[in-house]
Amino acid sequence: MEEFRRSYSRLCRESGAEPQEAVLQQLHQLPRGRLDLATQSLTVETCRALGKLLPRETLCTELVLSDCMLSEEGATLLLRGLCANTVLRFLDLKGNNLRAAGAEALGKLLQQNKSIQSLTLEWNSLGTWDDAFATFCGGLAANGALQRLDLRNNQISHKGAEELALALKGNTTLQQLDLRWNNVGLLGGRALMNCLPSNRTLWRLDLAGNNIPGDVLRAVEQAMGHSQDRLTTFQENQARTQVLSKEVQHLREEKSKQFLDLMETIDKQREEMAKSSRASAARVGQLQEALNERHSIINALKAKLQMTEAALALSEQKAQDLGGLLATAEQEQLSLSQRQAKELKLEQQEAAERESKLLRDLSAANEKNLLLQNQVDELERKFRCQQEQLFQTRQEMTSMSAELKMRAIQAEEHLDMEKRRCRQSLEDSESLRIKEVEHMTRHLEESEKAMQERVQRLEAARLSLEEELSRVKAAALSERGQAEEELIKAKSQARLEEQQRLAHLEDKLRLLAQARDEAQGACLQQKQVVAEAQTRVSQLGLQVEGLRRRLEELQQELSLKDQERVAEVSRVRVELQEQNGRLQAELAAQEALREKAAALERQLKVMASGHREALLDRESENASLREKLRLREAEIARIRDEEAQRASFLQNAVLAYVQASPVRTLSPPK
């Protein structure tokens with residue numbers, strides 16, 4: 001108030017007038033939030049200053065100007081300033097003899113001000129001029145904040161009462177009206193009585209001392225009694241509505257918690273899927289490392305094959321010296337080749353049997369995958385059933401609130417972000433996995449091509465050796481007579497050496513064939529693992545798409561139910577305004593809603609238990625899948641150990657062959 005006091009003094013001095021000492025003293029002594037200038041004779045300059053200060057005042061909620069002897073100009077200036085005030089709640093203008101100008105200023109005040117709730121105009125002369133009082137009544141009809149109006153002793157005639165009745169028909173906030181000690185009369189009383197059925201908010205109307213007949217007063221009192229009953233019923237209805245809104249809010253919170261829990265479980269499942277994809281990528285990397293190790297072993301074998309080729313070249317030189325021996329060795333070689341052909345046929349049969357066995361294993365694995373797919377489909381059907389039940393409950397819940405829609409939209413946005421991030425990670429992992437598989441397949445194809453080319457070169461070398469043997473045979477026939485004794489002596493020794501060499505070569509070829517078959521089997525297994533991973537990724541993608549479609553359907557249903565709820569609320573409001581008898585039906589409907597809310601709570605509990613059971617089933621299935629993955633990893637480790645044992649066995653055999661080769665003993669000294 002000190003700031004208000006200084007501003008008042010400054011404005012008075014600017015207008016060329018001295019501030020009133022009595023007003024300054026009252027402003028200094030007044031409590032916070034209340035401005036009481038009762039019984040102070042306010043001048044026009046004081047009213048002008050107050051009219052400039054009150055629109056900016058944000059602390060004053062009560063203004064008392066009773067018995068201040070306001071002039072027409074001062075009252076107009078003061079009321080014009082109050083039009084822009086937004087915090088004033090109580091205004092007292094008792095005993096200021098307000099006339100036509102004051103009534104018009106009050107009408108403008110009521111039209112523009114939206115904060116005044118109580119207005120006291122006792123002991124004025126507002127009803128003396130009919131046109132000015134009609135302006136005041138027009139402002140009252142347009143006002144939407146005033147709840148209490150005191151018009152005692154204002155010389156209101158029956159015409160003023162008729163104007164006031166028209167204003168009451170259009171007003172929707174006024175609750176108390178005091179018209180005692182005026183000149184309303186019979187006509188005015190009947191006009192006020194006729195306007196009461198159209199007004200639903202006025203519950204107190206005092207008409208004593210207006211020369212109104214008793215029957216009219218009793219009718220007015222009866223109407224006010226009905227209004228009071230309606231007010232109490234409305235208050236009770238509002239209290240019950242608040243209770244129901246609290247219950248609905250509680251249900252909304254529980255529903256949002258359940259939805260958040262469901263989203264957390266979905267996020268956990270996504271994390272587990274990401275972990276499984278990373279584990280599969282790690283397994284593919286390990287298989288790639290094992291494949292690289294096998295390639296290094298094959299390279300070592302190639303080097304050893306080159307060494308054997310060098311040994312074969314030395315043996316060719318020796319064969320040129322021992323032509324006769326090679327003729328007999330040729331026949332033995334033919335027999336050995338026949339035996340090798342038979343052994344190759346046997347090996348091919350064994351390979352066919354292995355392939356059939358692998359095909360059977362593959363069919364068994366496919367059957368297992370089909371069983372798992374059927375289980376997943378059953379779980380999805382259960383989940384869809386639960387979702388449909390959840391949709392029904394949500395449809396019933398959306399008729400009571402609109403906040404769930406916003407939370408659902410936020411959750412959907414969050415889920416879309418999570419989907420995009422999960423989809424991006426899955427696409428990245430899938431692209432890396434595809435690249436690694438393509439690299440492995442290309443590398444295996446190149447190695448197989450190299451091995452085939454190597455076999456072809458060995459066949460060409462064998463053919464060239466046979467041609468050279470034929471030429472040597474022709475030369476040996478010419479020199480046979482000279483070398484018969486040497487052939488007889490060296491025949492036994494050469495035969496033994498050749499048999500040993502051929503036996504070593506047969507072992508080597510058999511080991512190489514076994515290594516090739518094992519490598520092919522490992523490649524097939526890796527391809528199967530990659531195919532299973534791809535199918536699983538596709539299934540997970542389908543599940544994510546299904547969840548997205550369900551969320552879109554949920555959003556559409558929520559929007560439709562919100563529209564229906566808005567239409568229903570508007571219809572109910574119209575019906576409440578049209579008929580008073582529907583209040584009892586509304587009470588019955590509220591009781592039904594309460595029972596429905598209890599039923600919804602029971603359904604939510606049942607659905608929560610069903611969700612928990614479904615989650616437990618899903619966890620058990622996840623545990624079984626983890627157990628299968630662990631068994632598969634153990635099988636891969638066992639295969640890896642077997643491959644390592646085979647590689648070590650092949651290496652030991654090649655080393656033994658190189659160490660026991662007769663070329664080293666028969667080669668001439670350097």
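Everything numeric here is computed off the predicted structure, so don't read it as measured data.

### So, the overall build of the protein
The number of helices and strands found in the protein is 14 helices and seven strands. At 53 Å, the protein has a C-alpha radius of gyration far larger than the 26 Å of a compact globule built from 670 residues. Judged by the C-alpha coordinates and their principal axes, the protein covers about 170 × 60 × 35 Å. Counting over 670 residues, the protein shows a buried share of 35%.

### Notes on the sheet that holds strand β3 (residues 90-92)
In spatial order, the strands read β1-β2-β3-β4-β5-β6-β7; together these seven strands make up an open sheet with parallel pairing. Sheet topology places β1 (34-36) and β7 (204-206) at the edges, where each strand pairs with a single neighbour. Neighbour-to-neighbour, the strand axes of this sheet turn through a mean angle of 0°, independent of strand direction. Where strand β2 (residues 62-64) meets β3, three bridges bridge the pair, whose relative direction is parallel. From the neighbouring strand, Leu 63 faces β3, where its bridge partner is Leu 91.

### Thoughts on the packing of helix α1 (residues 2-14) against helix α3 (residues 44-53)
For the pair α1 and α3, interaxial distance at closest approach is 9 Å and the crossing angle is 130°. Taken together, α1 and α3 sit at an angle that is classed as oblique. Read as a crossing pair, α1 and α3 show a hand that is right-handed. Side by side, α1 and α3 meet where Phe 4, Ser 7, Tyr 8, Leu 11 and Cys 12 of the first sit next to Thr 46, Ala 49, Leu 50, Lys 52 and Leu 53 of the second. Broken down by class, the residue content of the contact of α1 with α3 amounts to seven nonpolar, two polar and one charged.

### Some words on the pattern of salt bridges
For the coordinates displayed, the defined rule picks out 17 salt bridges. Glu 14 serves as the salt-bridge partner of Arg 10, at 3.3 Å between the closest nitrogen and oxygen. Here Glu 14 and Arg 10 lie together in helix α1, a separation of four residues that amounts to about one turn. With relative accessibility at 41%, the residue Arg 10 sits in the partly exposed group. For Arg 204, the salt bridge identified is with Asp 206, shortest N-O distance 3.4 Å. Classification of Arg 204 as partly exposed rests on a relative accessible area of 38%. Via salt bridges that share partners, Lys 94, Glu 122, Asp 150, Arg 152, Asp 178 and Arg 180 belong to a single interconnected network.

### Topic: the confidence of the model for the protein
Of the residues in the protein, 92% have a pLDDT of 70 or more, and the chain-wide mean is 81. Per-residue pLDDT stays below 50 along residues 663-670; that stretch engages in six contacts with residues further than four places along the chain or on separate chains.

### Concerning the packing of helix α5 (residues 100-112) against helix α6 (residues 130-142)
α6 packs onto α5 with a crossing angle of 15° between their chain directions and a minimal axis gap of 7 Å. With respect to α6, the element α5 is oriented roughly parallel. The two elements α5 and α6 meet at a crossing, and its hand is left-handed. Between α5 and α6, the residues in contact are Ala 100, Ala 103, Glu 104, Leu 106, Gly 107, Leu 110 and Gln 111 and Ala 132, Phe 133, Thr 135, Phe 136, Gly 138, Gly 139, Leu 140 and Ala 142, respectively. Residue composition of the contact of α5 with α6, by class: nine nonpolar, five polar and one charged.

Cut-off values and rules
Residues numbered from 1 in each chain as written. Predicted model: local features only at pLDDT ≥ 70, side-chain atom pairs only at ≥ 80, totals over all residues. Heavy atoms only, no water. Helix = DSSP H or I, 4+ residues; strand = E, 2+ residues; numbered from the N terminus. Rg over C-alpha atoms; globule rule 2.2 N^0.38 Å. Buried < 20%, exposed > 50% of the residue type's maximum accessible area, 1.4 Å probe, protein only. Pairing = 2+ DSSP bridges. Axes fitted to C-alpha atoms, helices over the stretch in contact; angles between N-to-C directions. Parallel < 35°, antiparallel > 145°, perpendicular 65-115°, else oblique. Left-handed = near helix turned anticlockwise from the far one by under 90°. Contact = heavy atoms within 4.5 Å. Nonpolar A, V, L, I, M, F, W, Y, C, P; charged D, E, K, R; others polar. Salt bridge = Lys/Arg side-chain N within 4 Å of Asp/Glu carboxyl O. pLDDT = per-residue confidence, 0-100.

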